[in-house]
Amino acid sequence: MKSHPQLKVVPARYPGRTIGALVALFILAGVIQSVALNPRWEWRVFARWFFDPAIIHGLGQTLLLTLLGTVFSLILGGLLALARLSSSWLLSSIAWGYIWLFRSLPLIVVLIILYNFSYLYDTLSLGIPFTPLSWGNFQTINVLGQFSSAVIGLTLVQAAYSAEIIRGGLLGVDNGQYEAAAALGLSASRRTLRIILPQALRAIIPTAFNEVIGLAKGTAMVYVLAMPELFYTIQMIYNRNQEVIPLLMVGAVWYLIITTVLSILQYRVERLLARSVDRQRPPSRWRLWRSPVTAIATSEETGHVRGH
C-alpha cells in the first residue's frame, strides 16, 4: 500500500501587517504617554469636575435633547419621505422644498431665528388664511422658550436629513416587492409598514445611527440659546475659573461615552436585523478573529491523528 506524505499546514505570514501594527502601536504609546504624563493637561482638575452635579445636569439635558430630537425628526422625516415618494405633485413639491430649505440652513441660524421668533410674531393663531376666521391665539413668548426652541430647531433640521435617508432606504427595496404586495390586495399603508419598511431598515439603520450620533454632538450648538446643556455648562465653568483645557476634556470624554454607547446599540440592532433575514445570528468579531486560528488548529490535529 502506497503511503502519502503527511501534509503540513503552514499559516500565511504577512510581514507588512506586522510592521504596520508595530508602528501604529509605537505611535499610540507615544500619544498616550504625552497625554497621560503631561502635567499641563491638569488631570486632577478633570477628575474633580467629571462627576460634578452641574456637569451631570448638563449631560442630562444633552441626552434629553438627543432623544427628543431623534424621535421627532424620525417621525417628521418619515412623513416627508413618504410625501417625496407620493404621486401627488403638490405633496412631493412641498416635501422637496422643506428638505432643500433646512438642509441649506445652518443649525445655529435656525436656533437663533426660533429663539427670536417672538420678536417677529407676537402671537400665533389657528384659523383660515386670508380670512378673519380664527379658533385661537397664543402668545409666542409663552410657547417658544429655550428648551422648546432647541427641540424644534434640532427636529426641523434633522428631519430633512432623516427624510432623505428613509427615502433612499425605501427606494432600495426591489420594485417587485411593491408589485407583489399590491397583487395581494394590501392597502398602501400596510404595504409600506408590513412589507417595504422592514426590508428597508437594513439600509436605513447604519446611516440613521450616524445622524443620531451627529445630532448628539450637534446639541452643543444650542449654547447660543444660553441653555444649560453639557457644552454650555462647561463653557460657563471655565469662563469663571479659566481651567479651559481640563474642562473641555470633561466634555470630550462625555461625548465619547455617548457616541460609544450609540455605536454599540447600532451594532446590536444591525445584528438583530441580520438575524431576522438570515434566520441565524451573524458571527461576532471575536468569532471571526478566532475562526482562522481554530481552522489551523483543527487541521494540525487531523494531520497528527492520520500520521499515527
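As the structure is a prediction and not an experimental result, all values here were calculated from the model. (Residues numbered from 1 in each chain as written. Predicted model: local features only at pLDDT ≥ 70, side-chain atom pairs only at ≥ 80, totals over all residues. Heavy atoms only, no water.)

**Quick notes on the overall build of the chain**
Here is step 1: When its secondary structure is counted, the chain shows 13 helices and two strands.
Here is step 2: In the chain, buried positions account for 30% of the 308 residues.
Here is step 3: The long-range share in the chain, meaning contacts at least 24 apart out of those at least 6 apart in sequence, stands at 70%.
Here is step 4: Accessible area of the chain: about 20600 Å², with a carbon and sulfur share of 66%. (Helix = DSSP H or I, 4+ residues; strand = E, 2+ residues; numbered from the N terminus. Buried < 20%, exposed > 50% of the residue type's maximum accessible area, 1.4 Å probe, protein only. Contact = heavy atoms within 4.5 Å. Areas by Shrake-Rupley, 256 points an atom, 1.4 Å probe, with all protein chains shown as cover.)

**Some words on the nonpolar core**
Here is step 1: Of all hydrophobic cores here, the largest spans 22 residues; its most connected members are Leu65, Leu80, Tyr98, Phe102, Ala150, Leu154 and Val222.
Here is step 2: In terms of residue count, helix H8 (residues 146–171) provides more of this core than any other element does, seven residues in total.
Here is step 3: If sequence neighbours within four positions are ignored, phenylalanine 102 has contacts with Val110, Leu156, Val157 and Ala160.
Here is step 4: Counting residues in hydrophobic clusters, the runner-up holds 20 residues, among them Ile213, Leu247, Trp254 and Leu262. (Core = buried A, V, L, I, M, F, W, Y, C linked by side-chain atoms within 4.5 Å.)

**Looking at the packing of aromatic side chains**
Here is step 1: What the rule picks out here adds up to 10 aromatic pairs.
Here is step 2: When the ring of tyrosine 223 is compared with that of phenylalanine 231, the centres are 5.8 Å apart and the planes differ by 75 degrees; the resulting orientation is edge-to-face.
Here is step 3: Residue phenylalanine 231 is classed as partly exposed on the basis of its relative accessible area, which comes to 24%.
Here is step 4: If you follow arginine 17 out to its NZ or CZ, it ends over the ring of tyrosine 14, 4.0 Å from the centre. (Phe/Tyr/Trp six-rings, centres within 6.5 Å; stacked < 30°, edge-to-face > 60°. Lys NZ or Arg CZ within 6 Å of the ring centre and 35° of its normal.)

**Points about the pairing of strand S1 (residues 123–127)**
Here is step 1: Looking at chain direction, S1 and strand S2 (residues 134–139) are connected through five bridges and run antiparallel. Of the residues in S2, the one forming a bridge with threonine 123 is glutamine 139.
Here is step 2: Turn length for the S1-S2 hairpin, with the two strands adjacent in sequence and antiparallel, is six residues, and the turn residue phenylalanine 130 shows positive phi of about 65 degrees. (Pairing = 2+ DSSP bridges.)

**Description of the environment of isoleucine 234**
Here is step 1: Relative to the helices and strands, isoleucine 234 resides in helix H11 (residues 230–241).
Here is step 2: Judged by its relative accessible area of 2%, isoleucine 234 falls in the buried class.
Here is step 3: Separated by 179 residues in sequence, isoleucine 234 and isoleucine 55 have C-alpha atoms that sit 7.0 Å apart.
Here is step 4: Those residues in contact with isoleucine 234 that sit more than four places away from it in its chain are Ile55, Leu247, Leu248, Val250 and Gly251.

**Quick look at H8**
Every α-helical turn comprises 3.6 residues, leaving residues that sit three or four positions apart pointing alike.
Here is step 1: Across its 26 residues, H8 extends 38 Å between first and last C-alpha, which sits within 8% of the 38 Å expected from 1.5 Å per residue.
Here is step 2: Alanine 159 marks where H8 bends most, by close to 30 degrees. (Expected span 1.5 Å × (residues − 1). Bend = angle between axes of the 7 residues up to and from the residue.)

**Section: a nonpolar patch on the surface**
Here is step 1: Residues Trp96, Trp100, Leu101, Leu105, Val109, Ile113, Tyr119, Leu120, Tyr121, Leu124, Phe138 and Val143 make up a contiguous nonpolar surface patch of roughly 1200 Å² in combined accessible area.
Here is step 2: Locating phenylalanine 138 in the fold gives a position in strand S2. (Patch = residues over 30% accessible without salt bridge, like charges linked within 9 Å, V, L, I, M, F, W, Y side chains within 5 Å. Salt bridge = Lys/Arg side-chain N within 4 Å of Asp/Glu carboxyl O.)

**Quick notes on the side chain of glutamate 243**
Here is step 1: Inspection of the secondary structure puts glutamate 243 in the loop between H11 and helix H12 (244–278).
Here is step 2: Once residues within four sequence positions are removed from consideration, glutamate 243 is found in contact with Val45, Arg48, Trp49 and Tyr238.

**Comments concerning the pattern of salt bridges**
Here is step 1: Applying the stated criterion across every chain yields a total of three salt bridges.
Here is step 2: Between arginine 48 and glutamate 243 there is a salt bridge, and its shortest N-O distance comes to 3.3 Å. Taken together, the residues arginine 48 in helix H2 (residues 43–50) and glutamate 243 in the loop between H11 and H12 connect sequence positions 195 residues apart.
Here is step 3: For glutamate 243, a relative accessible area of 17% corresponds to the buried category.

Function-wise, these values are silent; they only describe arrangement.
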